[in-house]
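Structural overview for review
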Amino acid sequence: MDPLIRVENISKSFGGTPVLKEIRLDIRRGEKLAVIGPSGSGKSTLIRCLNGLENVDSGTVTIDGILVESTRSVAGRVGMVFQQFNLFPHYSVLNNIVRPLMTVKKVGRDDAAAMARSLLEKVRLAEQKDQYPGTLSGGQQQRLAIARSLSMAPDIMLFDEPTSSLDPELAFEVFETIQHLASSRMTMVLVSHQMNMVKGFATRVLFLEKGIISFDGSFDALIGSSDDRIQRFLRKIYQ
Ligand SMILES: Nc1ncnc2c1ncn2[C@@H]1O[C@H](COP(=O)(O)OP(=O)(O)OP(=O)(O)O)[C@@H](O)[C@H]1O
Ligand SMILES: [Mg+2]
């Protein structure tokens, strides 16, 4: 079967500095891919290329055969959750989901409200529905951001260090939410430095280094890798 996401020889430079170098990557439907690697290795840039937030200099990204040229080309199919939550501060928790459903998906108000309630239930925020994002904890804000992304019914969810701005307890709540989603058929890509999260989540791990994928395999194979660079990276992370 054709891969859902096909990355063919993409390169990207910023100000003359190469950040991604001829990356090739196929992601199958339903796969749970984790991307790890040193800071500045190009992880965020890579996943931003998957939903058109970043334009590639050369090479192509296709999703289900459709060329990703801008966020518009994959609108509604790819959801993304960032380290920063990017919520609408002036909308209530409920309306953070209801409004985009009405404007983007053209869902009627009552249906949108029903869908929003059920999503809030799923991320355990039903009781907070009338609060404003500013009054939520970091973990709650991130779970709302996840619920809002899910409301668009994407086939693919991208997470860029979704728990790195949270303390361990709140990070765990968000992790549980992502873990729960990971049991679904959704295709997911997660950038994270948190190895317990990677371990619980990933069916496949990429190690990105200086814009090149230097490892592509299972979590166990990563841990057992004899590559010096990977072992040094793991020691630093686990210390
Ligand atoms: N918009 C931009 N303009 C200029 N340089 C950029 C831009 N975005 C990224 N870079 C540079 O590209 C390189 C890779 O950045 P990227 O954010 O992809 O790294 P990363 O692996 O996600 O790092 P981290 O783990 O710190 O998040 C870095 O050197 C960064 O400074
Ligand atoms: Mg990053």
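Here the structure is shown first, and the text comes after it.
All of the points below concern the structure found in this document. (Residues numbered from 1 in each chain as written. Chains lettered and ligands numbered in written order. Predicted model: local features only at pLDDT ≥ 70, side-chain atom pairs only at ≥ 80, totals over all residues. Heavy atoms only, no water.)

**Brief notes about the site of ligand 1**
Close to ligand 1 lie Phe14, Val19, Pro38, Ser39, Gly40, Ser41, Gly42, Lys43, Ser44, Thr45, Glu161 and His193. In the environment of ligand 1, an oxygen atom lies 2.8 Å from a nitrogen or oxygen atom belonging to the backbone of glycine 40. Separating an oxygen atom of ligand 1 from a backbone N or O atom of serine 41 is a distance of 3.2 Å. A total of 630 Å² of accessible area belongs to ligand 1 in isolation, and the protein chains cover 55% of it. Among the elements that line the shell around ligand 1, the one with the most residues is helix H1 (residues 43-50), at three residues. (Near = heavy atom within 4 Å. Polar contact = N/O pair within 3.5 Å; in protein donor to acceptor, adjacent residues only side chain to side chain. Areas by Shrake-Rupley, 256 points an atom, 1.4 Å probe, with all protein chains shown as cover. Helix = DSSP H or I, 4+ residues; strand = E, 2+ residues; numbered from the N terminus.)

**A word on the nonpolar core**
The nonpolar side chains of a soluble globular protein tend to be buried with one another. Core analysis: the biggest nonpolar cluster contains 51 residues, and Phe159, Met188 and Leu222 have the highest contact counts within it. With residues up to four places along the chain from it excluded, the contact list for leucine 222 reads Ile36, Met195, Val205, Phe207, Phe215, Ile230, Gln231 and Leu234. Membership of the second largest hydrophobic core comes to 27 residues, among which are Val19, Val35, Cys49 and Met80. (Core = buried A, V, L, I, M, F, W, Y, C linked by side-chain atoms within 4.5 Å. Buried < 20%, exposed > 50% of the residue type's maximum accessible area, 1.4 Å probe, protein only. Contact = heavy atoms within 4.5 Å.)

**Things to note about the packing of aromatic side chains**
On inspection of all chains with the given rule, the structure shows three aromatic pairs. Judged by centre distance (5.4 Å) and plane angle (70 degrees), the ring pair of phenylalanine 88 and tyrosine 91 falls under edge-to-face. What makes tyrosine 91 partly exposed here is its relative accessible area of 22%. Taken together, a centroid distance of 5.1 Å and an interplanar angle of 75 degrees make the contact between phenylalanine 207 and phenylalanine 233 edge-to-face. (Phe/Tyr/Trp six-rings, centres within 6.5 Å; stacked < 30°, edge-to-face > 60°.)

**Some points on the pairing of strand S1 (residues 5-14)**
As paired strands, S1 and strand S2 (residues 17-27) are joined by seven bridges and run antiparallel to one another. Residue serine 13 lies in a different strand from S2, and its bridge partner there is proline 18. Between S1 and S2, which follow one another and run antiparallel, lie two residues, and glycine 15 among them has a positive phi close to 55 degrees. Both S1 and strand S4 (residues 58-63) contribute to a ladder of five bridges, which runs antiparallel. The residue of S4 that forms the bridge with glutamate 8 is threonine 60. (Pairing = 2+ DSSP bridges.)

**A closer look at helix H8 (residues 228-238)**
Among the residues of H8, Ile230, Phe233 and Leu234 are the ones counted as buried. Projection of H8 onto a plane perpendicular to its axis shows the buried side chains occupying an angular sector of 100 degrees, all on one side. Opposite its buried face, H8 presents the exposed residues Asp228, Arg235 and Lys236, each directed more than 90 degrees away. Where the residues of H8 are buried, they touch strand S3 (32-36), helix H6 (195-201), strand S9 (204-209), strand S10 (212-217) and helix H7 (219-223). A side-chain oxygen of the first residue of H8 lies 2.8 Å from the backbone nitrogen of arginine 229; this N-cap is aspartate 227. (Arc of directions from axis to C-beta.)

**Notes on the pattern of salt bridges**
Under the criterion given, the structure shown has eleven salt bridges. A salt bridge links aspartate 64 to arginine 29, with the nearest nitrogen and oxygen atoms 3.2 Å apart. In this pair, aspartate 64 is assigned in the loop between S4 and strand S5 (66-67) and arginine 29 in the loop between S2 and S3, connecting sequence segments 35 residues apart. In this structure, the salt-bridge partner of lysine 129 is aspartate 130, at a minimum N-O distance of 3.0 Å. When its relative accessible area of 54% is taken as the criterion, aspartate 130 is described as exposed. Residues joined in a network through salt bridges with shared partners are Arg28, Glu31, Arg204 and Asp216. (Salt bridge = Lys/Arg side-chain N within 4 Å of Asp/Glu carboxyl O.)

**Topic: the pairing of strand S8 (residues 187-191)**
Where burial is concerned, most of S8 is hidden: five out of the five residues are buried. Bridge analysis of S3 against S8 gives four bridges, and the strand direction is parallel. If you follow alanine 34 over to S8, its bridge partner there is leucine 190. Direction of pairing for strand S7 (residues 156-160) relative to S8: parallel, over a ladder of five bridges.

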